[in-house]
Structure formats: structure tokens, C-alpha cells
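Listed here are the chains, written in short residue letters.
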Amino acid sequence: MLDNPVLDPKRIPRHVAIIMDGNGRWAKERNLPRIMGHKAGSESVKDVVKTARKLNLEVLTLYAFSTENWKRPAFEVQGLMTLLKTYLKSELQNLLGNSISLRCIGEIENLPSDVRKILTEVIQGTTPKTDEKPSLILNLALSYGSRSEIVRAARAMAEKCVSGQFEPQDFSEKFFASHLYTSGLPDPDLLIRTGGEARLSNFLLWQLSYAELYITETMWPDFRGARFIEAIRDYQSRERRFGQTSEQLQAE
Ligand code: IPE
Ligand code: IPE
Ligand code: MG
């Protein structure tokens, strides 16, 4: 546990999700090509992962590439894929050494085959061999879109009904959630978006139902461990009522 007097160790969120936005603007402000912003952003990823582990978070989900991001210029998409490969190759030892387990959510089949190959290697290599709990699950959203995830889940459930394995009246929230990419993970407690935009951009629409939202003007390449701790401190100042009243919560 990080020796950090500003945080209450009993109220650390289990799962934090981050929309890592603002790389392009960060680069533009410095007259650099956009890809340099993405490169600087990968340093933020390393620092935030390190901090998440020290804080004893269970899951950190990072939105790295959306289904809509395929519409960007081919040069930028290629640059992002190369950076992803470099990140995975260079971080494997670090993930293993710190018992961090990599997972990913999204249309992985749409990623270039060389990225898929290294991604699979890192996922398999970092999955705990026994029932041992990893120190952190690092969950990367790659070619991820929430609507496509929901449609995919609906299709899988419909197929189970057609084949007679399941009856429509037996559908429940739990059943639905178990067909999403995030099956088995707790819902995010906190959503952070850097770069100042107040939108979800097709990210975890189902899973974020009751997450606390934290939007910061800081661009992703400037968002390092200290800013992450600030966001969690803000989260700890919130009262999560889940529909109840403040008085009810205090009585509990
Ligand atoms: C986020 O930064 C990274 C990805 C979407 C891949 P952007 O590239 O969207 O940066 P801005 O929003 O243009 O500044
Ligand atoms: C959201 O950022 C996706 C990622 C951070 C990977 P975008 O920059 O793509 O979002 P919009 O297009 O501004 O909503
Ligand atoms: Mg953006």
C-alpha cells in the first residue's frame, strides 16, 4: 500500500476506468506530430499502472483504441499499433515481475495479426497459473466499442435461446453482464477522462451505470501518478448513494 496520507486505504476503488484522451492536442501545443503525443502518453500508462498497483486497485481499465478510431488517418492508426506492440514487448517483464495480469476487451480479431500475436503471448504469460490473485488486472480496451459489445452479447444470448439452452424469461442483469467482454470483473467505481471532454465516446455504457465521473483538463501525457492520486482523493470525497438518501446511508 502506498504510504499516502491523502488517501483513505479503506476506500480505494476496486476498479478504475480511464479514457486516455488529449494526446493529439498535447502534441499540437508543442508543434509536434500527433504520434509524439501518443508516445508521451505511453509513459503516462506506465506511471499510472505502477501507481494503481501500489494503491492495491483490483482492476485498471484503459481505453486505448476505440472502434471509431479506425476512421483516423492510416498513418496514425499504424503508429498507434506500433506503439502498442512496443509497449507490450517492453512491459512483459515488468508485468510478470509485479504479478500484474493483462486482459483485454474489444474486437481483438480486427487488430493486425502481429499485434494480436504479442497480445496473446502477454495475456497468456501473465495469467496466474494457480488460483493465486494477481496484484492488479490491467485491462486494455482495444478496438473497443460499447454498442458493438452489447450487440455481440445480445446475439450470443439469442443463439442460446434458439438452441434451447436458455429461456427468454430467465434473462437477468447478471446473465446479460456475463456475456459482455468484462465478464467476471467488478463494474468500474470511478471513470476518469483526461483532455476535458464531457462524453463517454462509446465506452462501457452498461458497466459505468453507477461509476463516479471525474473529468480533468489535464491532457493524457501530463497525467501521471500524482494526478491519478488526486482523482482518487476526489472520488473518496463523494457520497455514493445508489438511489438511497444520505440519512439512510448514515444509519447503515
Ligand atoms: C487519445 O488521444 C488517444 C486515442 C484516441 C487513441 P487523442 O489522439 O484523441 O487526442 P486529442 O483528443 O486529439 O487531443
Ligand atoms: C476516446 O477518445 C477513445 C480513446 C481514448 C481511445 P476519442 O478522442 O476517440 O474520442 P472522441 O472522438 O473525441 O469522442
Ligand atoms: Mg481525442
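Please read all numbers here as calculations on a predicted model, not as lab measurements.

Calculation notes
- Sequence order as written defines the numbering, with residues in each chain counted from 1.
- Chains and ligands are labelled by the order in which they are written, letters from A for the one and numbers from 1 for the other.
- Totals for whole chains, interfaces and linings use every residue, but because this is a predicted model, local features are given only for residues with pLDDT of at least 70 and side-chain atom pairs only at 80 or more, for both listing and counting.
- As a convention, hydrogens and water are excluded, and side-chain values are obtained from all of the structure's heavy atoms.
- Consider each residue's heavy atoms; a residue with any of them within 4 Å of a molecule or strand counts as near.
- What qualifies as a polar contact is a pair of N or O atoms within 3.5 Å, subject to a donor-acceptor requirement within protein and to the restriction that residues adjacent in sequence count only when both atoms come from side chains.
- Values of accessible area rely on a 1.4 Å probe in the Shrake-Rupley scheme; residue burial ignores everything except the protein chains shown.
- Residue polarity follows a fixed list, in which Ala, Val, Leu, Ile, Met, Phe, Trp, Tyr, Cys and Pro are nonpolar, Asp, Glu, Lys and Arg are charged, and the others, Gly among them, are polar.
- Burial here depends on accessible area, computed with a 1.4 Å probe over protein chains only, as a share of the maximum for the residue type. Under 20% is buried, over 50% is exposed, and the range in between is partly exposed.
- Counting from the N terminus, the helices are the DSSP runs of H or I reaching at least four residues and the strands are the DSSP runs of E reaching at least two.
- In this analysis, strands are considered paired if DSSP registers two or more bridges between them.
- For a crossover, the right-handed case is the one in which the path from the first strand over the helix to the second runs clockwise, viewed with the strands pointing away from the viewer.
- Pairing of aromatic rings covers Phe, Tyr and the six-membered ring of Trp, with a centre-to-centre limit of 6.5 Å; geometry is then stacked below 30 degrees between planes, edge-to-face above 60, and tilted otherwise.
- Multiplying one less than the number of residues by 1.5 Å gives the expected span of a helix.

1. Description of the site of ligand 2
Phase 1 of the analysis: Every residue lining ligand 2 is accounted for by Ile19, Met20, Asp21, Tyr63, Ala64, Phe65, Asn69, Arg72, Arg193, Arg199 and Ser201.
Phase 2 of the analysis: Taking Arg72, its side chain carries an N or O atom lying 3.3 Å from an oxygen atom of ligand 2.
Phase 3 of the analysis: One of the side-chain nitrogen or oxygen atoms of Ser201 is found 2.6 Å away from an oxygen atom of ligand 2.
Phase 4 of the analysis: When ligand 2 is considered free in solution it has 390 Å² of accessible area, and contact with the protein chains removes 78% of it.
Phase 5 of the analysis: Among the residues making up the shell around ligand 2, the classes are represented as five nonpolar, two polar and four charged.

2. Overview of the pairing of strand S3 (residues 100–105)
The side chains of a regular strand alternate, residue by residue, between the two faces of the sheet.
Phase 1 of the analysis: Burial analysis of S3 places five of its six residues in the buried class, which makes it a mostly covered element.
Phase 2 of the analysis: As paired strands, S3 and strand S4 (residues 136–144) are joined by six bridges and run parallel to one another. Within the sheet, the bridge partner assigned to Ile100 lies in S4 and is Leu136.
Phase 3 of the analysis: Of the crossover connections in this fold, the one passing from S3 over helix H4 (residues 113–126) to the parallel S4 is left-handed.

3. Digging into the packing of aromatic side chains
Phase 1 of the analysis: On inspection of all chains with the given rule, the structure shows twelve aromatic pairs.
Phase 2 of the analysis: Each ring, one from Tyr210 and one from Phe242, has its centre 4.9 Å from the other, and the planes form 50°; the classification is tilted. One end of the pair, Tyr210, is in the loop between strand S5 (190–193) and strand S6 (212–215); the other, Phe242, is in the loop between helix H7 (225–236) and helix H8 (246–251), with 32 residues separating them in the sequence.
Phase 3 of the analysis: With relative accessibility at 48%, the residue Tyr210 sits in the partly exposed group.
Phase 4 of the analysis: Judged by its relative accessible area of 47%, Phe242 is partly exposed.
Phase 5 of the analysis: Three or more aromatic residues joined by ring pairs make a cluster, and in this case those are Tyr63, Tyr144, Tyr181 and Phe203.

4. Considerations on helix H2 (residues 34–54)
Phase 1 of the analysis: In this model, H2 (21 residues) spans 31 Å end to end at C-alpha, consistent with the 30 Å of a helix rising 1.5 Å per residue.
Phase 2 of the analysis: Of all the residues in H2, the buried ones are Gly37, His38, Ala40, Gly41, Ser42, Ser44, Val45, Val48, Val49, Thr51 and Ala52.
Phase 3 of the analysis: One or two positions beyond H2, positive phi appears at Asn56, with a value near 65°.

Structural measurements only, silent on function.
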